[in-house]
Amino acid sequence: MKKIEELNLDGKKVIIRVDYNVPLDENGEIVDDNRIVESLKTIKYCLERNCKLILLSHLGKVKTEDDLKKKSLKVVSERLSELLGMNVKFIPKTRGKEIEDAISNMNEKDIIMLENTRFEDLDGKKESGNDPELGKYWASLGDVFINDAFGTCHRSHASNVGIASNMEEKALGFLIQKEVDNLQLVIDNPKKPFVVILGGAKISDKIETIKNLSLKADYILVGGAMAYTFLKAKGMNVGKSLIDEESLDFAKEMLEKTDKIILPIDSIVSKDMVIDNYEVKETLDSDDIGLDIGPKTIKLFESYIEKSKTLFWNGPMGYYEKEIYQTGTKELCDFISKQDIISVVGGGDTASCVINMGYKDKFTHVSTGGGASLELLEGKELPGISCMGR
Ligand code: AMP
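Residue numbers here run from 1 along each chain, matching the order of that chain's written sequence. Confidence filtering applies because this is a predicted model: local features only for residues at pLDDT of at least 70, side-chain atom pairs given and counted only at 80 or more, and all residues used for totals across whole chains, interfaces and linings. The basis for the side-chain values is all heavy atoms of the structure; hydrogens and waters are excluded.

Bringing the site of the ligand into the picture now. Residue proximity to a molecule or strand is established when one non-hydrogen atom of the residue lies within 4 Å of it. Surrounding the ligand, one finds 15 residues, the nearest of these being A201, K202, G290, E321 and D349. Any N or O atom pair separated by 3.5 Å or less is treated as a polar contact, with the protein-specific requirement of one donor-capable and one acceptor-capable atom, and with residues adjacent in sequence counted only for side-chain atom pairs. Contact distances for the ligand include 2.9 Å between an oxygen atom and a backbone N or O atom of A201. The separation between an oxygen atom of the ligand and a polar side-chain atom of K206 is 3.1 Å. The fraction of the free accessible surface of the ligand (510 Å²) that becomes covered by protein chains is 82%. Among the secondary structure elements, those contributing two or more residues to the shell around the ligand are α9 (224–233) and β12 (289–293). If you tally residues by element for the shell around the ligand, the top one is α9, at three residues. Amino acid classes used here: Ala, Val, Leu, Ile, Met, Phe, Trp, Tyr, Cys and Pro are nonpolar; Asp, Glu, Lys and Arg are charged; the rest, including Gly, are polar. Its residues assigned to classes, the shell around the ligand comprises seven nonpolar, four polar and four charged. To be clear on the numbers: accessible area is Shrake-Rupley with a 1.4 Å probe, and residue cover counts the displayed protein chains and nothing else. Only DSSP runs of H or I covering at least 4 residues are called helices, and only runs of E covering at least 2 are called strands; the numbering of each starts at the N terminus.

So this is what it looks like as structure tokens:
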């Protein structure tokens, strides 16, 4: 597999698959621009080599006509323009003459961004289904392909695998390289003790990761709603807490197989997720909903983190969308930030929490890819990486 430094980029038309799948608020404003910021290194490297840049990305899932209004990349192109201090020409199309004309009129160091690649999904899932014609068409727009969208590397789509299979000159960008290096640091040879923190809601998505990490980690600290599935599997009363019913058997099996799993000993509970009325409990009643880890659990988890040399964290410790249930996640963030350890955060919700709370620079690495980082940790080969050659 070629490195970006090995490509001859001078003056070339370079297609970069970036990951601008950024969270938007209800007004369509960008909530967290980390993925845009992280893409700058590859973009600037190409600009220094006088390239003409054609940027492609998806933004969310596109299933209805309404999504075409809500999931346009225009707002992203404006933020990228601000960050680079130069114009990024946005073309509200995914194929056709407007794009082709714009490309033939490009000067060196010009940047154009096409519309959300998943707009192609509305008519027969052409992007997500890796339609061969679409990948070929996008590849025809440039001379070189750089894949720098780590967040979609676990998917085989037209805008990564499709383009790569139609392009001779290609390489991974700096962002993916950094992701792979840091995640491999954790999984291949972690300095011991190696502590994993898992949270969030669903276990079913993470079964293989949990299995793989349980072989490598010394301790797995489980918080978030995920913990209630494990506690229920242990026969404890979890009241009305969110559990992942279909993973109860897996949770039981894991608890029988290993004593590495450390569960909460107290919770912040409420009778209602909407009302801001909560208390700390060690034993839940049948109408309680566990919404965050309690203070004793925070201390317990910190005692393991303190002993660790390598740490991997995926999943918030509570229902963090509501500020009053962010305490567990925030306190652990703060504690980890003061340790002299290798600390890697899987993408998704946890990365957003860490970044929004202002701790990004305190971690060794904060991944931009949720599903992709978990699949890499499962030991799987990611199609978006293997398509770039050997
Ligand atoms: P996941 O997509 O599985 O990583 O889960 C992330 C989601 O889990 C976030 O939306 C959190 O609000 C949610 N979550 C974490 N802990 C809890 C909890 N105790 N009760 C309800 N939702 C939770």
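This paragraph deals with the side chain of H365. If you trace the backbone, H365 turns up in strand β15 (residues 365–366). On the accessibility criterion, H365 (4% relative accessible area) is buried. A 1.4 Å probe rolled over the protein chains alone gives each residue an accessible area, and that area as a share of the maximum for its type sets the label: buried under 20%, exposed over 50%, partly exposed in between.

Looking now at the sheet that holds strand β11 (residues 279–281). Strands pair, by our definition, only if DSSP identifies at least two bridges between them. With respect to topology, three strands assemble into an open sheet ordered β11-β10-β12, the strand pairing being antiparallel. Each edge of the sheet is formed by a strand with only one pairing partner; in this case those strands are β11 and β12. Each strand of the sheet is rotated relative to its neighbour by a mean of 45°, with strand direction disregarded. Examined bridge by bridge, strand β10 (residues 267–270) and β12 share four bridges and lie antiparallel to one another. Bridge pairing links S270 to I289 in β12. Axis definition: a line fit to C-alpha positions, over the contact stretch in the case of helices; interaxial angles, taken between N-to-C directions, run 0 to 180 degrees.

This next bit is on the pattern of salt bridges. Note on definitions: salt bridges are taken to be side-chain nitrogens of Lys or Arg within 4 Å of carboxyl oxygens of Asp or Glu. Scanning the entire structure with this criterion turns up 29 salt bridges. Residue K70 is joined to D66 by a salt bridge in which the shortest nitrogen-to-oxygen separation is 2.9 Å. Within this pair, K70 and its partner D66 are both found in helix α2 (residues 65–70), separated by four residues, close to a single helical turn. Using a relative accessible area of 53% as the deciding quantity, one classes K70 as exposed. We classify D66 as partly exposed; its relative accessible area is 34%. Across the pair K380 and E378 runs a salt bridge whose closest N-O atoms are separated by 3.4 Å. Accessibility expressed as a relative area gives 42% for K380, which makes it partly exposed. A relative accessible area of 16% means that E378 is categorised as buried.

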